[in-house]
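Summary of structural features
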Amino acid sequence: QVQLVQSGGGLVQAGDSLRLSCAASGRTFSSYAMGWFRRAPGKERELVAGISRSGDNAYYASSVQGRFTISRDNAKNTVYLQMNSLKPEDTAIYLCYANATIVVIRSTRLYREYWGQGTQVTVSS
């Protein structure tokens, strides 16, 4: 069992920066790929950024490319999302996500996944 505890977020103005943190319990953090999703009112949940287990590879949604940076510190069991040049359209609840493969059977991947509690980010214009 993994627990993800988020911190950061809040109310900022357009152009400001924020950093979200997500601390994981347990000793298997490095076995999890990590990501940040967001959910805005009236919109579907969106994958904002993801990072590989080692931290060598990252993915970004086109809407945040060049402004957001995902990173992780496996020694601290923590993943971060640095958000710069924030825009009002970045307003959403941000959720930390962990995913680890249990086994791959033929082309079917069985996995564990966990979610953080969510944190509100509000960007005013």
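Described in the following lines is the structure provided in the data block. Quick caveat: nothing in here was measured; it's all calculated off a predicted structure. (Residues numbered from 1 in each chain as written. Predicted model: local features only at pLDDT ≥ 70, side-chain atom pairs only at ≥ 80, totals over all residues. Heavy atoms only, no water.)

Topic: the packing of aromatic side chains
Think of a pair of aromatic rings as described by two things: how far the centres are apart, and how the planes are tilted against each other in angle. Applying the stated criterion to the full structure yields four aromatic pairs. Ring centres of Phe 37 and Tyr 97 lie 5.3 Å apart, and the angle between their planes is 75 degrees; on these two criteria the pair is classed as edge-to-face. You can see Phe 37 sitting in strand S4 (residues 33-39) and its partner Tyr 97 sitting in strand S9 (residues 92-105), a full 60 residues away along the chain. Through a chain of ring-to-ring contacts, three or more aromatic side chains come together here, namely Phe 37, Tyr 97 and Trp 115. Above the face of the Phe 37 ring, Arg 45 is positioned so that its terminal group lies 5.6 Å from the ring centre. Taking the ring centre of Phe 29 as reference, the NZ or CZ of Arg 72 above it sits at 4.4 Å. (Phe/Tyr/Trp six-rings, centres within 6.5 Å; stacked < 30°, edge-to-face > 60°. Helix = DSSP H or I, 4+ residues; strand = E, 2+ residues; numbered from the N terminus. Lys NZ or Arg CZ within 6 Å of the ring centre and 35° of its normal.)

What to know about the pattern of salt bridges
For the structure shown, the criterion picks out three salt bridges. For Arg 38, the salt bridge is made with Asp 90, and the minimal N-O distance between the two is 2.9 Å. Here the residue Arg 38 occupies a position in strand S4, and Asp 90 occupies one in the loop between strand S8 (78-83) and S9, the gap between them amounting to 52 residues. Residue Arg 67 is joined to Asp 90 by a salt bridge in which the shortest nitrogen-to-oxygen separation is 2.7 Å. Here the residue Arg 67 occupies a position in the loop between strand S6 (58-60) and strand S7 (68-73), and Asp 90 occupies one in the loop between S8 and S9, the gap between them amounting to 23 residues. Residue Asp 90 is classed as buried on the basis of its relative accessible area, which comes to 1%. Sharing partners across several salt bridges, the network here consists of Arg 38, Glu 46, Arg 67 and Asp 90. (Salt bridge = Lys/Arg side-chain N within 4 Å of Asp/Glu carboxyl O. Buried < 20%, exposed > 50% of the residue type's maximum accessible area, 1.4 Å probe, protein only.)

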